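For reference, the chains in residue letters:
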Amino acid sequence: MTHEIPVLEAGLHWGDDGKVRCGWHGGLPDYQHYHDTEWGFPVENDRRLFEKICLEGFQSGLSWLTILRKRENFRNAFADFDYHKMVLFSDEDVERLMQDKGIVRHRGKIKSAINNAGRAIDLINEKGSLAAYFWSFEPQSKDRPARFDLAAYKDNPFTEISTRISKDLKKRGWSFVGPTTVYAFMQAMGLVNDHLEGCYCRPVIERLRQDFVRPK
């Protein structure tokens, strides 16, 4: 007796392990691992938050997969995204990074990451932590689509809240933090759960978000 495989909604993908996932990872092992173990998991660690917003800035105009596959090189090049070390980077460090074939060699983005290290320290001194700052913008249920499917995913490359964060960061001197960049950061760091309805990770993330203690 054969069983028909249910037809999946647009944007979903059957994995070889029988699990249904968001389809954007394309079945690529490293991308699927990122989808399953990182994307959307709530984060409160300041270094990880800073790393991610820097890498999202480097992603601008590129694909996240390109950045993901260079992430260890970025970590080595940028002192593991320790903002206290990065803020001390000199013009010589900029030139060193411009010669590093393992990262994205874009002078504006490199200088932006170094600048943002100083701005991150300023923000921590003011708010107590980057986590306290970013999580204070967490959207409420009324700000979210009633059902998060592929249409909702495509219709929300940025939001009113990511625009508000972007404007506030720019006012504080940050760069390469446009509304779309900020929303990608929010998706990845768990400030929203943008796994599609039907993805096996969606309820996992919901439980993690329910148990997550919001930093203050």
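Residues numbered from 1 in each chain as written. Predicted model: local features only at pLDDT ≥ 70, side-chain atom pairs only at ≥ 80, totals over all residues. Heavy atoms only, no water.

The protein is annotated in an unreviewed UniProt entry as DNA-3-methyladenine glycosylase I of Pseudochrobactrum asaccharolyticum.

Caption draft 1: How the structure looks around the packing of helix H2 (residues 46–59) against helix H10 (residues 179–188). Between H2 and H10, the shortest axis-to-axis distance is 9 Å and the interhelical angle comes to 140°. By the angle between their directions, the pair H2 and H10 is classed as oblique. Both H2 and H10 take part in a crossing whose hand is right-handed. Along the contact surface, H2 presents Leu49, Lys52, Ile53, Glu56 and Gly57, while H10 presents Thr181, Ala184, Phe185 and Ala188. Of the residues in the contact of H2 with H10, the class split is 5 nonpolar, 2 polar and 2 charged. (Axes fitted to C-alpha atoms, helices over the stretch in contact; angles between N-to-C directions. Helix = DSSP H or I, 4+ residues; strand = E, 2+ residues; numbered from the N terminus. Parallel < 35°, antiparallel > 145°, perpendicular 65-115°, else oblique. Left-handed = near helix turned anticlockwise from the far one by under 90°. Contact = heavy atoms within 4.5 Å. Nonpolar A, V, L, I, M, F, W, Y, C, P; charged D, E, K, R; others polar.)

Caption draft 2: Structural detail: the pattern of salt bridges. Tallied over the entire structure, the rule returns 23 salt bridges. For Arg47, the salt bridge identified is with Asp80, shortest N-O distance 3.8 Å. A residue pair is termed long-range when its members are at least 10 positions apart, and Arg47 in helix H2 and Asp80 in the loop between helix H3 (64–77) and helix H4 (83–86) qualify at 33 residues. Between Asp149 and Arg147 there is a salt bridge; the shortest N-O distance is 3.7 Å. Taking relative accessible area as the criterion, Asp149 reaches 23% and is therefore assigned partly exposed. (Salt bridge = Lys/Arg side-chain N within 4 Å of Asp/Glu carboxyl O. Buried < 20%, exposed > 50% of the residue type's maximum accessible area, 1.4 Å probe, protein only.)

Caption draft 3: Highlighting the UniProt feature "binding site: Zn(2+)" (unreviewed entry) in the protein. As recorded in UniProt, the feature "binding site: Zn(2+)" (unreviewed entry) lies at Cys22, His35, His195 and Cys199. In sequence the annotated residues extend across 178 residues, while in space they remain close, none of their C-alpha pairs exceeding 10.4 Å. Mapped onto the secondary structure, His35 falls in helix H1 (residues 29–37). We classify His35 as buried; its relative accessible area is 0%. Relative to the helices and strands, His195 is located in the loop between H10 and helix H11 (201–211). According to the relative accessible area criterion, His195 is buried, its value standing at 0%. (UniProt positions renumbered as here; feature names shortened; annotations may be inferred.)

Caption draft 4: Representation of the packing of H2 against helix H6 (residues 107–127). At a closest axis distance of 10 Å, the pairing of H2 and H6 adopts a crossing angle of 150°. Here H2 is positioned roughly antiparallel relative to H6, judged by the angle of their axes. Here H2 runs over H6; the crossing is right-handed. Side by side, H2 and H6 meet where Asp46, Phe50, Cys54, Gly57, Phe58 and Gln59 of the first sit next to Lys109, Ile110, Ala113, Asn116, Ala117, Ala120 and Ile124 of the second. Considering only residue class, the contact of H2 with H6 consists of 8 nonpolar, 3 polar and 2 charged.

Caption draft 5: A look at H3. Helix length check: H3 (14 residues) gives 18 Å between terminal C-alpha atoms against 20 Å at 1.5 Å per residue, within 8%. Maximum bend of H3: about 55°, positioned at Arg71. The inward-facing, buried residues of H3 contact H1, H2 and helix H5 (91–98). In the stretch just after H3, Ala79 is the one whose phi turns positive, near 55°. (Expected span 1.5 Å × (residues − 1). Bend = angle between axes of the 7 residues up to and from the residue.)

Caption draft 6: Quick look at H10. In terms of residue burial, H10 counts as a mostly covered element, since 7 of its 10 residues are buried. Those residues of H10 that fall on the buried side of the exposure criterion are Thr181, Val182, Tyr183, Phe185, Met186, Gln187 and Ala188.

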